[in-house]
Amino acid sequence: QVQLVESGGGLVQAGGSLRLSCAASGRTFSNYGMGWFRQAPGKARELLAAISWTGGITYYADSVKGRFTISRDNPKNTVYLQMNSLKPEDAAVYYCAARHWGEVTPGGRIDYWGQGTQVTVSS
């Protein structure tokens, strides 16, 4: 069992930045591929970025490429999402996700989800 707890969400003005964190506990964090998803009201949950257990970047959605950066610190059991140049359409609940011995991919299996953190972007 892995527990994922996101933090760092909040209200930011358009053009601003936020850094989300996802702290993992319970199993060997370095055995998991990790990803960040978001879900806006009335929309499907979408994968934004993914990172392998070795730290290689495996995916960025076109909508965030060049603005968001995923990273991980295995000794701290934490994955991050740095979000720059935020737009009103980035407002959503952001979730981190883990896949054991595999990579997080669009439509792929997810073994664990966090509870989500709200990001609101004012125009």
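Structure first, text after, so check above.
Everything numeric in this text was worked out from a predicted model, so none of it was measured.

Parameters at a glance
- Residues numbered from 1 in each chain as written.
- Predicted model: local features only at pLDDT ≥ 70, side-chain atom pairs only at ≥ 80, totals over all residues.
- Heavy atoms only, no water.
- Core = buried A, V, L, I, M, F, W, Y, C linked by side-chain atoms within 4.5 Å.
- Buried < 20%, exposed > 50% of the residue type's maximum accessible area, 1.4 Å probe, protein only.
- Helix = DSSP H or I, 4+ residues; strand = E, 2+ residues; numbered from the N terminus.
- Disulfide = S-S within 2.5 Å.
- Pairing = 2+ DSSP bridges.
- Axes fitted to C-alpha atoms, helices over the stretch in contact; angles between N-to-C directions.

**So, the nonpolar core**
Move 1: Judged by nonpolar contacts, the single largest core of 30 residues is most densely connected at Leu 4, Met 34, Leu 81, Met 83 and Tyr 94.
Move 2: Those elements giving two or more residues to this core turn out to be β3 (18–25), β4 (32–39), β5 (46–51), β7 (68–73), β8 (78–83), β9 (92–100) and β11 (117–122).
Move 3: Ranked by size, the runner-up nonpolar core spans 7 residues in total, among them Phe 37, Leu 47, Ala 50 and Ile 110.

**Description of the state of the cysteines**
Move 1: Using the criterion set out here, one finds 1 disulfide in the structure.
Move 2: Sulfur-sulfur distance for the disulfide between Cys 22 and Cys 96 comes to 2.0 Å. Residues Cys 22 and Cys 96 are joined through a disulfide that is right-handed, its torsion about the S-S bond being 45 degrees. With a gap of 74 residues between them, Cys 22 in strand β3 and Cys 96 in strand β9 connect regions that are remote in the sequence.
Move 3: Accessibility expressed as a relative area gives 0% for Cys 96, which makes it buried.

**Observations regarding the sheet that holds β8**
Move 1: One open sheet accounts for 4 strands, arranged β1-β3-β8-β7; its pairing is antiparallel. With one partner strand each, in any of the chains shown, β1 (3–7) and β7 form the two edges of the open sheet. Within this sheet the neighbouring strands show an average axis-to-axis angle of 15 degrees, counted without direction.
Move 2: Both β3 and β8 contribute to a ladder of 6 bridges, which runs antiparallel. By the bridge assignment for β8, Ala 23 is matched with Thr 78.

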